[in-house]
Amino acid sequence: MKQIKQILASSVLLLATALPAYSTVDESAKIQQVNFTVQVSRQVERDNMQVTLYAQESGKTLKEISASVTNKINMAVDEAKKRNIQTGMTTRRTNITYDKQGKPNGWIDYAEITLESKDFTALSELIAATSEQLAVQNISFTVSDETKQSLEKELTEQALLAFKQKAELISKNLSAKGYQIANLDIGNPNDFGGDKQPIYYERKAMFSSSDVPNMQVQSGMVDLKMVVNATINLTNN
């Protein structure tokens, strides 16, 4: 009988110690957690112009064509220095050419250089100055890092205001008294408009040589966006 009483007492003690843990789990299960995203944007001009120029020569020997290609690329570098234009990556490759019988019969030497500037006029003048020696491979426009940094504070303030308004709206419509921030991930300003059709504007630049008509360069506009990913816990206290 004494052993039975001890067993019953131990069972009651175990049950008593288990009850607070059950109560804690039950309270945590009541927490309502909501994940959402807000986004703000600002339309800005693509104020940075990037141009890739290239030179290509073919001939019987690599020696007879490589000097010409080198001189043309060096000319682009010299013209860039005169106009304070930033020079980027230079790429060069050589290939062997073959005749119909599959035998080597010559070489192709190809080199390209990337130039970048916020001064559209200066870069367009460089293209014109080198147009008889170098061809344009590609022209593209982006939003400069300086512009992104200058707008970061403004976009951050707008994004946080949008977060607050949405969090309050969610709390109200889900009959909560308020909310607590569980996680807040604030992104950086990014240009997501690279694939969109540009919206042309008044600022224009042009380049030309004596043999070709003027070509207008229009950079267009793009949306600079900032995204905030948030997690909130709804409260009823």
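Position numbers for residues count from 1 along each chain, tracking the sequence in the order it is written. Reporting of local features is limited, given that this is a predicted model, to residues whose pLDDT is at least 70; pairs of side-chain atoms are given and counted only at 80 or more, and all residues count toward the totals for whole chains, interfaces and linings. Note: side-chain values were computed over all heavy atoms of the structure, leaving out hydrogens and water.

## Structural notes on the packing of aromatic side chains
Here a pair means two rings of Phe, Tyr or Trp (six-membered ring of Trp) with centres within 6.5 Å. Their orientation is stacked below 30 degrees between planes, edge-to-face above 60, and tilted elsewhere. In total, this model carries four aromatic pairs according to the counting rule given. The structure contains a cluster of three or more aromatic residues connected by ring pairs, namely F36, F163 and Y179.

## Considering the sheet that holds strand β2 (residues 48-59)
Any two strands with at least two DSSP bridges between them are considered paired. Every helix listed is a DSSP run of H or I at least four residues long, and every strand listed is a run of E at least two residues long, numbered separately from the N terminus. Here four strands make up an open sheet; going across it, the order is β3-β4-β2-β5 and the pairing antiparallel. Single-partner strands in this sheet number two, and they are β3 (86-98) and β5 (135-142). Geometrically, the sheet is characterised by an average inter-axis angle of 15 degrees between neighbouring strands, direction not taken into account. Pairing geometry for β2 and β5, over seven bridges, is antiparallel. A fitted line through C-alpha atoms represents every axis, and for helices the fit uses only the stretch in contact; the resulting angles, taken between N-to-C directions, go from 0 to 180 degrees.

## Here's the deal with the confidence of the model for the protein
Looking at any residue, its pLDDT shows the predictor's confidence there, from 0 to 100. When pLDDT is averaged along the protein, the result is 81, and 76% of the positions lie at 70 or above. The low-confidence segment residues 7-28 (pLDDT under 50) makes zero contacts with residues lying over four places distant or belonging to another chain. The contact definition used throughout considers only heavy atoms, calling two residues in contact when any of these lie within 4.5 Å. This model gives residues 193-210 a pLDDT under 50, and the stretch forms 55 contacts once residues within four places in sequence are excluded.

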